[in-house]
Amino acid sequence: MIKKKEFKKPVKKDAEVVVKKAPPSIAPVRGMRDILPAENPWWDMVRAKCREIAVAYGFEHIDTPVLEETALFVRGVGKYTDIVEKELYSFETLGGSKLTLRPEGTAGVMRAYISNGMVNLPQPVKLWYEGAMFRHDRPQHGRYRQFYQFGCEVIGEDDAVTDAQLILISHIILKELGIKATININSIGTPEVRTNYRNALISFFRGYRAKLSEEDKKRLLRNPMRLLDSKDPAMLEIRAEAPQIVDWLDETSKMHFMRVLEYLDESNVPYQLDPYLVRGLDYYTGTVFEIFPEQEPVAPGMPEEAGPIALGGGGRYDGLAEILGGRPTPAVGFSLGLDRVVSHLKTLGVRPEKFPREVFVAQLGEQGRKKALAIFEELRKAGVSAGEAFSKDSIRVQMDVANRLGAKFAIVIGQKEVLDGTALIRDMDSGTQEIVDASKIVQEIKKKLEHQV
Ligand code: HAM
């Protein structure tokens, strides 16, 4: 024990008085944001619709890790893509593993298909996923560094009807949410087709070398197809004369593409051919597409910045399984950018349904509060949505909350009601009140709610 006289308070001279500074506040990381309760009802609505349609079409839910080996994306998405060259969040762990936050979902889903031996399941394997993706891109409207995708992948099927069905699914999800969407579509054929086409592009663009930006000159060497979706305005003019991949397609790719388009015609999915659509991920083969809001159609071949931003994209990736060390396995899929879907719904004025609070449970006094807690749970179990403000004492404050929640009835339990074994039901519109037996409160309230409809 410290004796009183031993314990001397340190004496501070004036100059030593420490001014306690508040620590600086911490903001979210640039390009990342909080999605607050006020906005989340839109997200919940969008996620619920995506799940509903995916499940109806026979897709099963998969979750894959947010972190994967960096090699998965370098090999899967492609070494010379913008995503891998400039946008990966990669780091080395203390143990020396090279890991990356996933920039997209498809490579991880295909990795999971291979690592979990899903090739032994009845094919095709139809999977949906939803979650955060990370790209160290320049933050701007509709472009975040942490964003959310919902995706559907069909692995183990090469029929053209699958490509069309996936496009249809993406279209239905948006339609049922209230967004009229249109599809920009192209076929980029087999790897052989692309090798020939790439050579043709190189010879074509070499003729314009002097006019190319430094960035585009680099692209010409490494990934000439990326020149087709260059953002450089001068490039748009040059590109108009460039060879188009459709003219280089082999018979099988052409037939496949024709069938996809026929199914889309049959399903009344609006689309436009976009000969310059090559997509920014290297794993694609054959059909590629992007989904735009129909309100402002994008001219074929216009870069994203020049028109509305894509709500989603996808395509066939028959070569990915092999690139990742699996057996050759055809596959096709799409993903929707949920941030963009939510933002578009808000601009259209689409409002999510509010979770209705039909009843409010109000209380007075400690005994009343205890009883009210139990009644709230009885109501919940019986499927009646109720609101409460149990931490508040004032009945006026509680009634204000009841009104704000839009409750049709309030159940009031005070000291007297506890003693009598009763409860008071108040009609929030008319103000009329009725005393009922507390043990029958759930039945009474249900009866009243049914009469209301
Ligand atoms: P993606 O075109 O790179 O394709 O992305 C799909 C969608 O994600 C885009 O259309 C966009 O709506 C959204 N998105 C992409 N980057 C951002 C960002 N920085 N901020 C906000 N939203 C963004 C893929 O990711 C492929 N995995 C799609 C796929 C699935 N292909 C086959 N299966």
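*Asks:* For this particular structure, what's the right way to read the overall build of the chain?
*Replies:* The secondary structure content of the chain amounts to 15 helices and 16 strands. At 30 Å, the chain has a C-alpha radius of gyration far larger than the 22 Å of a compact globule built from 453 residues. In terms of its C-alpha atoms, the chain occupies a principal-axis envelope of roughly 90 × 75 × 45 Å. Put simply, the chain has 453 residues, and 48% of those count as buried. Expressed as a percentage of contacts within the chain between residues at least 6 apart in sequence, the contacts between residues at least 24 apart total 73%. Carbon together with sulfur atoms contributes 54% to the accessible area of the chain, which is approximately 24200 Å² in total. Looking at charge distribution, the chain has the averaged site of its 64 positive side-chain charges lying 9 Å from that of its 64 negative ones.

*Asks:* Would you explain the site of the ligand in this entry?
*Replies:* Taken together, 26 residues surround the ligand, and among them E104, T106, E153, R279 and Y284 come closest. A distance of 3.0 Å is found between a nitrogen atom of the ligand and a side-chain nitrogen or oxygen belonging to Y283. Interatomic distance of 3.5 Å between a side-chain N/O atom of R340 and a nitrogen atom of the ligand. Its free accessible area being 660 Å², the ligand has 96% of it covered by the protein chains. Elements supplying a minimum of two residues to the shell around the ligand: β6 (146-155), β10 (312-316) and β11 (331-337). Each residue belonging to the shell around the ligand can be placed in one class, and the counts come to 10 nonpolar, 10 polar and 6 charged.

*Asks:* Hey, could you run me through the pairing of strand β15 (residues 422-427) in this one?
*Replies:* Two faces, one strand: in a regular strand the side chains alternate between the faces of the sheet. Of all 6 residues in β15, 5 are buried, a share of seventy percent or more. In this structure, strand β14 (residues 409-413) lies alongside β15, joined through 4 bridges in antiparallel fashion. Counted as the bridge partner of F409 is D427 from β15. Sheet topology places β15 next to strand β16 (residues 433-437); 5 bridges connect them, and they run antiparallel. Paired with T422 across the two strands is D437, which belongs to β16. A loop of 5 residues connects β15 with β16, the two strands running antiparallel in sequence, and G431 in this loop sits at a positive phi of about 85°.

*Asks:* Explain the packing of aromatic side chains to me, please; I cannot follow it from the model alone.
*Replies:* When we look at a pair of aromatic rings, we describe it by the centre distance and by the angle of the planes. Summed over all chains, the structure comprises 9 aromatic pairs. Between F204 and F205 the ring centres are 5.0 Å apart and the planes differ by 75°, which places this aromatic pair in the edge-to-face class. Summarising the burial analysis for this pair, F204 and F205 share the class buried. Of the aromatic side chains, those joined through ring pairs into one cluster are W128, F150 and F334. The side chain of R33 reaches across the aromatic face of Y144, ending 3.7 Å from its centre.

*Asks:* Is there a simple way to explain the pattern of salt bridges in this structure?
*Replies:* Oppositely charged side chains can pair when the atoms bearing their charge come close. The full count for this structure, using the stated rule, is 27 salt bridges. In this structure, D82 engages R226 in a salt bridge whose closest nitrogen and oxygen atoms are separated by 3.9 Å. Linking D82 in helix α3 (residues 82-86) with R226 in the loop between α7 (214-222) and α8 (233-239), this pair joins segments that are 144 residues apart in sequence. Owing to a relative accessible area of 17%, D82 belongs among the buried residues under this scheme.

*Asks:* What am I meant to see in the sheet that holds strand β7 (residues 181-187) here?
*Replies:* Hydrogen bonds along the backbone pair up the strands of a sheet, which may run parallel or antiparallel. The 8 strands are arranged β1-β5-β6-β11-β10-β9-β7-β8 in an open sheet whose pairing can be described as mixed. Only two strands of the sheet have a single neighbouring strand rather than two, namely β1 (60-61) and β8 (271-273). Relative to β6, helix α1 (residues 40-56) is tilted by about 5°, and along the sheet it contacts β1, β5 (125-134), β6 and β11.

*Asks:* Please clarify how the pairing of β10 should be interpreted in this entry.
*Replies:* The buried fraction of β10 amounts to 5 of the 5 residues, a majority that puts the element mostly inside the structure. Examined bridge by bridge, strand β9 (residues 287-293) and β10 share 4 bridges and lie antiparallel to one another. Opposite V288, over in β10, you have G315 as the bridge partner. The pairing of β10 with β11 spans 5 bridges and is classified as antiparallel. Bridge pairing links R316 to V332 in β11.

*Asks:* Just checking my understanding: could you explain the environment of Y129 for this structure?
*Replies:* Structurally, the position occupied by Y129 is in strand β5. For Y129, a relative accessible area of 5% translates into the label buried. Remark: the alpha-carbon pair of Y129 and E87, spanning 42 residues in sequence, is separated by 22 Å. Excluding residues that lie within four positions of it along the chain, Y129 makes contacts with I62, G105, T106, V109, Q149, F150, G151, C152, E153, F334 and S335. Within the structure, Y129 has its side chain in polar contact with the side chain of E153 (distance 2.8 Å).

*Asks:* Even after reading the chapter, I still don't get unusual backbone geometry, so can you show me in this structure?
*Replies:* Most peptide bonds are trans, and most residues other than glycine sit at a negative phi. A cis amide bond links Q123 to the next residue, P124, at an omega of 0°. One non-glycine residue, N268, lies in positive phi territory at about 60°. Along the chain, N268 turns up in the loop between α9 (251-266) and β8. With a relative accessible area of 64%, N268 lands in the exposed category. In the Ramachandran plot, R279 falls in the positive-phi region, its phi being about 70° despite a non-glycine side chain. With respect to the helices, strands and loops of the structure, R279 is situated in the loop between β8 and β9. Given the relative accessible area of 12%, R279 is considered buried.

*Asks:* Sorry if this is basic, but what is going on with the side chain of D427 here?
*Replies:* Counting through the fold element by element, D427 comes out in strand β15. Despite its burial, D427 pairs with no opposite charge; the closest candidate is K448, at 6.8 Å N-O. Within the structure, D427 has its side chain in polar contact with the backbone nitrogen of D429 (distance 2.9 Å). Apart from the residues within four sequence positions on either side, D427 is in contact with K408, F409, T432 and Q452.

Each value, and the rule that gives it
- Residues numbered from 1 in each chain as written.
- Predicted model: local features only at pLDDT ≥ 70, side-chain atom pairs only at ≥ 80, totals over all residues.
- Heavy atoms only, no water.
- Helix = DSSP H or I, 4+ residues; strand = E, 2+ residues; numbered from the N terminus.
- Rg over C-alpha atoms; globule rule 2.2 N^0.38 Å.
- Buried < 20%, exposed > 50% of the residue type's maximum accessible area, 1.4 Å probe, protein only.
- Contact = heavy atoms within 4.5 Å.
- Areas by Shrake-Rupley, 256 points an atom, 1.4 Å probe, with all protein chains shown as cover.
- Lys, Arg positive; Asp, Glu negative; His and termini not counted.
- Charge placed at Lys NZ, Arg CZ, Asp CG, Glu CD.
- Near = heavy atom within 4 Å.
- Polar contact = N/O pair within 3.5 Å; in protein donor to acceptor, adjacent residues only side chain to side chain.
- Nonpolar A, V, L, I, M, F, W, Y, C, P; charged D, E, K, R; others polar.
- Pairing = 2+ DSSP bridges.
- Phe/Tyr/Trp six-rings, centres within 6.5 Å; stacked < 30°, edge-to-face > 60°.
- Lys NZ or Arg CZ within 6 Å of the ring centre and 35° of its normal.
- Salt bridge = Lys/Arg side-chain N within 4 Å of Asp/Glu carboxyl O.
- Axes fitted to C-alpha atoms, helices over the stretch in contact; angles between N-to-C directions.

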